[in-house]
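Residue-level listing of the chains:
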Amino acid sequence: MTPVPEAEAFYVREAADRFSPTVSTRGPWDANSQHAGPPAALLALAVDERPGARPDMRITRLTYEITRPVPIRPLTVTTRVLRAGRSVELVEAVIAPDGGPEVMRATALLMKTVPGSVPEVSPGRRVRGPEAAPAKAFFPVPWDQGYHTAMEVRFAAGSFLEAGPATAWMRMRVPLVAGEEIKPLSRVLTAADSGNGVSAALDFHRYVFVNADLTVSLHRHPEGEWVCLDARTMVDGAGIGLAESALHDEKGPLGRGTQSLYVAARG
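Reading guide: rules and limits
Residues numbered from 1 in each chain as written. Predicted model: local features only at pLDDT ≥ 70, side-chain atom pairs only at ≥ 80, totals over all residues. Heavy atoms only, no water. Helix = DSSP H or I, 4+ residues; strand = E, 2+ residues; numbered from the N terminus. Rg over C-alpha atoms; globule rule 2.2 N^0.38 Å. Buried < 20%, exposed > 50% of the residue type's maximum accessible area, 1.4 Å probe, protein only. Contact = heavy atoms within 4.5 Å. Areas by Shrake-Rupley, 256 points an atom, 1.4 Å probe, with all protein chains shown as cover. UniProt positions renumbered as here; feature names shortened; annotations may be inferred. Phe/Tyr/Trp six-rings, centres within 6.5 Å; stacked < 30°, edge-to-face > 60°. Lys NZ or Arg CZ within 6 Å of the ring centre and 35° of its normal. Salt bridge = Lys/Arg side-chain N within 4 Å of Asp/Glu carboxyl O.

As annotated in an unreviewed UniProt entry, the chain carries the name Thioesterase family protein and comes from Streptomyces sp. 900105245.

This is how it looks when you write it as structure tokens:
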């Protein structure tokens, strides 16, 4: 098993573009691979921190391609601007482990913001807040520490151990990067990849339902520590599925997340 640094965070920053993952990134399926939530947040952080980033531009959509499992090894994150304009930008961010190929890529759409320039409109179903949602057990994981212990989860409806739609509030117990303040967007992205897990439509002992991508679209900047996934999963008999999550914070709806799923019986 790859050695990992000891820190109360998902990552330790070794340089401006290089990070070492801690045990908190470990996903529930493979002891040597990360849950996709923390690297998704790390890619967005790189987009925000890139040289020349404009303070009036805000990420409104992130599309991730997960080409390989993200290993628990030191990672380098690189960015490049694909299109720059007065009101819209498109930026690409890529993660690659030391000595390895690219494992995850994000394309970020940014838009110019002018606070107070238009009326706010945010229709959508309200969900019960985290204070009214009980904590429920994570599904069994064969190791003591990982993403499942680094995140606090409360369910307003459903649970990890019930098949079908679920409404889960999630909160990071540790920072994304050791010694650094958690950005609001990081809170959303660290949680958003869990949509297919909280709303599992099939028994995870009998089937795999792995997401090869993640798209998060936000109409509003998130606020507070808690992020809600009001999630449901749909599966076609040919082995393709879709997990869709309405994203909320304690103020109300803020966006949506979708995941394309590869579904198959376990061998």
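**Student:** What is the right way to look at the overall build of the chain in this model?
**Tutor:** Secondary structure summary: the chain contains 4 helices and 13 strands in total. Against the 2.2 N^0.38 benchmark of 18 Å for 267 residues, the chain shows a C-alpha radius of gyration of 18 Å, consistent with a compact globule. Overall, the chain is about 50 × 45 × 40 Å in size when its C-alpha atoms are taken along their principal axes. Counting the 267 residues in the chain, one finds 51% classified as buried. Restricting to contacts in the chain with at least 6 residues of sequence separation, those with at least 24 account for 65%. When the accessible surface of the chain is summed, it comes to about 12,500 Å², and 53% of that surface belongs to carbon and sulfur atoms.

**Student:** Explanation requested: the UniProt feature "domain: Acyl-CoA thioesterase-like C-terminal" (unreviewed entry) in the chain in the structure shown.
**Tutor:** Mapped onto the present numbering, the UniProt feature "domain: Acyl-CoA thioesterase-like C-terminal" (unreviewed entry) falls at residues 130-263. What you have in residues 130-263 is 13% helix and 42% strand, and the ends, taken at the C-alpha atoms, are 31 Å apart.

**Student:** Explain the packing of aromatic side chains here, please?
**Tutor:** Any aromatic ring pair is given by two values, namely how distant the centres are and how the planes are angled relative to each other. One pass over the full model with this rule turns up 3 aromatic pairs. When the ring of Tyr-11 is compared with that of Phe-19, the centres are 6.4 Å apart and the planes differ by 70°; the resulting orientation is edge-to-face. The burial state of Tyr-11 is the same as that of Phe-19; both residues are buried. Lying over the aromatic face of Trp-29, Arg-266 brings its terminal NZ or CZ to 5.3 Å of the ring centre.

**Student:** What is the right way to look at the pattern of salt bridges in this model?
**Tutor:** Side chains bearing opposite charge may pair, as long as their charged atoms lie close to each other. Under the defined criterion, the tally for this structure stands at 14 salt bridges. Taking the shortest distance from any N to any O, the salt bridge between Arg-50 and Glu-89 comes out at 2.7 Å. Here Arg-50 is found in the loop between α1 (37-49) and β3 (57-66), whereas its partner Glu-89 is found in strand β5 (residues 88-97), with 39 residues between them in sequence. Residues Arg-50 and Glu-89 agree in their burial class; the two are buried. Within this structure, Arg-80, Glu-92, Glu-102 and Arg-105 form a network of salt bridges that share partners.

**Student:** Explain the UniProt feature "domain: Acyl-CoA thioesterase-like N-terminal HotDog" (unreviewed entry) in the chain to me, please; I cannot follow it from the model alone.
**Tutor:** When the UniProt feature table is mapped onto this chain numbering, "domain: Acyl-CoA thioesterase-like N-terminal HotDog" (unreviewed entry) sits at residues 26-110. What you have in residues 26-110 is 15% helix and 44% strand, and the ends, taken at the C-alpha atoms, are 30 Å apart.

**Student:** Looking at this structure, I do not really get the environment of Arg-206. What am I missing?
**Tutor:** Note that Arg-206 resides in the loop between α4 (195-198) and β9 (207-211). Placed 59 residues apart in sequence, Arg-206 and Ala-265 show a C-alpha to C-alpha distance of 5.9 Å. In contact with Arg-206, not counting residues within four places along its chain, are Ala-264, Ala-265 and Arg-266.

**Student:** Help me out: how do you make sense of helix α3 (residues 184-192) in this one?
**Tutor:** Residues that lie three or four places apart on an α-helix share one face, since the helix turns once every 3.6 residues. Extensive coverage of α3 is indicated by the burial of 8 of its 9 residues. Inspection of α3 places Leu-185, Ser-186, Arg-187, Val-188, Leu-189, Thr-190, Ala-191 and Ala-192 among the buried residues, and these make up the whole buried set.

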